[in-house]
Amino acid sequence: MPTLSHHAIAPLRVICAVAVVLLLATGAIGVAAADRAAATGRLVSRDQMVTEQATASAVQAVADAYAAGEVALGGGPAGQGAARALSGTLLRAADAALFDLQRDHASDDGAEGATAARVSEEWAVLRERLDAVATGAAGSTPSGQTASTLSSAYDPIDTDMQALLAREPAEAAAATAADGGALRHDAWIIGGLVAAGALSALLAMLVLSRRVRRALQPVGEQAEFSETLQLATDEVEAHRLLQRHLERTVPGATAVVLNRNNSADRLEAVTGLPAGSRLRDALAGAEPTSCLAVRSAGPHSRGAGPPRLLECAVCSACDGASTCAPLTVGGEVIGAVLLERDRPLETHEQQRTLESVSQAAPVLANLRNLAVAELRAATDGLTGLPNKRAVTDTAKRLFAQAVATGSPLALVVLDLDHFKQLNDHYGHPVGDQALAAVGTVLRGNLRGTDFAGRNGGEEFAILLPGVHAAPAAELAERVRRGIAEIRLPGTEVRLTASFGVAAYPEHATTLDRLERLADGALYVGKQSGRDRTVVARSADDPVPGAAPTVGLPAPVAGS
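Presented here is an overview of the structure given in this document. Starting afresh in each chain, residues are numbered from 1 along the sequence in its written order. Only residues with pLDDT of at least 70 get local features here, since the model is predicted, and only at 80 or more are side-chain atom pairs given and counted; chain-wide, interface and lining totals rely on the full set of residues. Heavy atoms from the whole structure form the basis of all side-chain values; hydrogens and water molecules are not counted.

### Overview of the packing of aromatic side chains
Here comes step 1: Centres within 6.5 Å are what make two rings of Phe, Tyr or Trp a pair, Trp counting through its six-membered ring; a difference in plane orientation under 30 degrees is then read as stacked, over 60 as edge-to-face, and the rest as tilted. Scanning the entire structure with this criterion turns up two aromatic pairs.
Here comes step 2: Judged by centre distance (4.0 Å) and plane angle (5°), the ring pair of Tyr 66 and Tyr 154 falls under stacked. Linking Tyr 66 in helix H1 (residues 4-73) with Tyr 154 in helix H4 (residues 147-229), this pair joins segments that are 88 residues apart in sequence. When sorted by exposure, Tyr 66 lands in the same class as Tyr 154, which is buried.
Here comes step 3: Centre to centre, the rings of Phe 399 and Tyr 504 are 5.0 Å apart; their planes meet at 65°, and the pair counts as edge-to-face. Helix and strand definitions follow DSSP, with helices as H or I runs of at least four residues and strands as E runs of at least two, each counted in order from the N terminus. A simple rule labels every residue: compare its accessible area, found with a 1.4 Å probe on the protein chains alone, to the largest value its type can have, and call it buried under 20%, exposed over 50%, or partly exposed in between.

What follows is the structure in structure tokens.
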């Protein structure tokens, strides 16, 4: 059967694997997002700074050149100096700044690219006019340029360059916003992965808890069976517990407990067989070795796989598949448990069956040994009948049952006549033979519900549930005649016995009174010549002498 750790480890491995994958994926996405954000920030910052610087430099260079051109148009020494500065450095500086501007915007498209292209064209127009101003001012030759012509060429380029300069922060903001959107997208992905991980863990935990419950159920049932089995008071109860437990453990199976009766060399079903079961015929007269599980002291299964070389005489009676497990204690097989089902047992079901049978075997053996010990303690070793203690206990039990159910109960006491002389003349071995023979006669004349025991010495007692005084006297007469027919080898002795009979509620309403009346009737029989049966007359009649007794009844047949 799969263990609890097996049921728990597999889901735990799944949980760990899912957690590791999700953690790695989340970490990778987080690192990538952080790197992308950092790179985007650096790129945006660098591009913005470079482009803004180039655009600002171009704006400033063009403005310086335009300002110098306006001064040069004014003439005079200042105009000539401005013209020289214009032609010497300012125009070249503006050319370089605009070159950098065009380079930074070379990859731009759309409106920004168109603006950069116009700036280049507009600078060509403005530069030509500034160059004319510088040349005319330096040579004192009128250039034909005026402040208005310079202004009309400068205003467009200044407007477009100012637009490019203003556009850089907007583009940086857009890039930052786009990067923020990407980060939010990554955050959603990370959140989704975390949620998926949590959901996976939750589902795995649910599966784990369900599997653990399923794994714990048989453990709990097995523990309950073990504890309940210890409470069994006898083999019968223990057999039934084992049967119910196995039928609960293996759904759809029918369990039968088989007992190995060594004294009778029989294999017997000690739990009920299903109606119409073919096992009833298979077990009729079956010997212990008829069961292969008992013979081999190992489990035997039938119904799965090819036919076996040696078929079990017991299991072959099963219509479906069967599994038989021996009840083994200390290497000795005391019985077996046969499970029958329409399909073979699963591996874990077979293992649980073997565990249950293994648990039950020593308990059953202990209960059997205890029953044997109690039987021996309550049995007279010479006659094989219950001893005085058992007689006393049984009398109390049967009398209580008679009172509770309102049914009659007859008590017959008998005593062998002249037994002391038999022992003195022939010896105790002959006396023992006589007692054993009386025990045989008693067992041969009683019903299954009757009880006979040895009170001690040569005195015996018979308890007859549900019997009134008259039928009890008839039985006593049969026993008396049977005793008279006993012959002891090597002797010419003719055994006889005297009987006293009393019944509840005809003669007594208490057990003590019933016993004293039966003893009194026996005493009367002894005093009247022995070898006879005397029935108590009435519960109220006094017995002559010191003890309560009964008067002589009408003669009993054969007395």
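### Observations concerning the side chain of Thr 55
Here comes step 1: Note on placement: Thr 55 falls in helix H1.
Here comes step 2: When its relative accessible area of 0% is taken as the criterion, Thr 55 is described as buried.
Here comes step 3: In this description, contact between two residues means that some pair of their heavy atoms is separated by no more than 4.5 Å. With residues near it in sequence (within four places) discarded, Thr 55 still touches Leu 101, His 105, Met 161, Leu 164 and Leu 165.

### Overview of helix H8 (residues 347-377)
Here comes step 1: What a helix is expected to span follows from its residue count: subtract one and scale by 1.5 Å. In this model, H8 (31 residues) spans 45 Å end to end at C-alpha, consistent with the 45 Å of a helix rising 1.5 Å per residue.
Here comes step 2: Within the sequence span of H8, burial applies to Glu 349, Arg 352, Thr 353, Ser 356, Val 357, Ala 360, Ala 361, Val 363, Leu 364, Ala 365, Leu 367 and Arg 368.

### Some remarks on helix H9 (residues 388-405)
Here comes step 1: If you check H9, its first and last C-alpha atoms are 26 Å apart, about what 18 residues at 1.5 Å a residue would give, namely 26 Å.
Here comes step 2: Within H9, the full set of buried residues consists of Ala 390, Val 391, Thr 394, Ala 395, Leu 398, Phe 399 and Ala 402. Along the long axis of H9, the arc covered by the buried residues comes to 150°, so they all point the same way. Within H9, the exposed residues directed more than 90 degrees away from the buried face are Lys 396 and Ala 404.
Here comes step 3: Each element contacted by the buried residues of H9 is listed here: strand E6 (409-416), strand E7 (451-456), strand E8 (459-465), strand E9 (497-504) and helix H13 (511-527).
Here comes step 4: Phi turns positive one or two residues past the end of H9, at Gly 406, with a value near 70°. To obtain the arc, one takes the directions from the helix axis to the C-beta atoms.

### Some words on unusual backbone geometry
Here comes step 1: Pro 505 follows Tyr 504 through a cis peptide bond whose omega is 0°.
Here comes step 2: Considering the arrangement of structural elements, one finds Pro 505 in the loop between E9 and H13.
Here comes step 3: Of note, Arg 530 is a non-glycine position whose phi angle comes to about 65°, a positive value.
Here comes step 4: Relative to the elements of secondary structure, Arg 530 occurs in the loop between H13 and strand E10 (533-535).
Here comes step 5: Of note in the backbone geometry, Asp 531 takes a positive phi value of approximately 50° without being a glycine.
Here comes step 6: As for its placement among the helices and strands, Asp 531 is situated in the loop between H13 and E10.

### Comments concerning the pattern of salt bridges
As a working rule, side chains carrying opposite charge can pair if their charged atoms are close by.
Here comes step 1: Any carboxyl oxygen of Asp or Glu within 4 Å of a side-chain nitrogen of Lys or Arg constitutes a salt bridge here. As enumerated under the stated definition, the model contains 20 salt bridges in all.
Here comes step 2: The closest approach of N and O atoms between Glu 311 and Arg 302, which form a salt bridge, is 3.6 Å.
Here comes step 3: Assessed through its relative accessible area of 24%, Arg 302 is described here as partly exposed.
Here comes step 4: We note a salt bridge from Asp 415 to Lys 526, for which the minimum N-O separation is 2.9 Å. Here Lys 526 lies in helix H13 and Asp 415 lies in strand E6, a separation of 111 residues in the sequence. Of the two residues, Asp 415 and Lys 526, both sit in the buried class.
Here comes step 5: Counted as one network, the salt bridges with shared partners bring together Glu 477, Arg 480, Arg 481, Arg 494 and Asp 531.

### Examining the environment of Gln 145
Here comes step 1: You can see Gln 145 is positioned in the loop between helix H3 (110-139) and H4.
Here comes step 2: On a C-alpha basis, the gap between Gln 145 and Leu 130 in space is 8.6 Å, while along the polypeptide they are 15 residues apart.

### Thoughts on the sheet that holds E9
Here comes step 1: Across the sheet, which stays open at both edges, the five strands sit in the order E7-E8-E6-E9-E10 with mixed pairing between neighbours. Unpaired on one side and paired on the other, E7 and E10 mark the two borders of the sheet. Strand-to-strand twist of the sheet, defined as the mean angle between neighbouring strand axes without regard to direction, takes the value 20°.
Here comes step 2: At least two DSSP bridges between two strands are required for those strands to pair. Sheet topology note: the E6/E8 ladder contains seven bridges and is antiparallel. The partner of Val 413 across the bridge, within E8, is Ala 461. Geometry is summarised by axes, namely lines fitted to C-alpha atoms with helices restricted to the contacting stretch, and by angles between N-to-C directions that run from 0 to 180 degrees.

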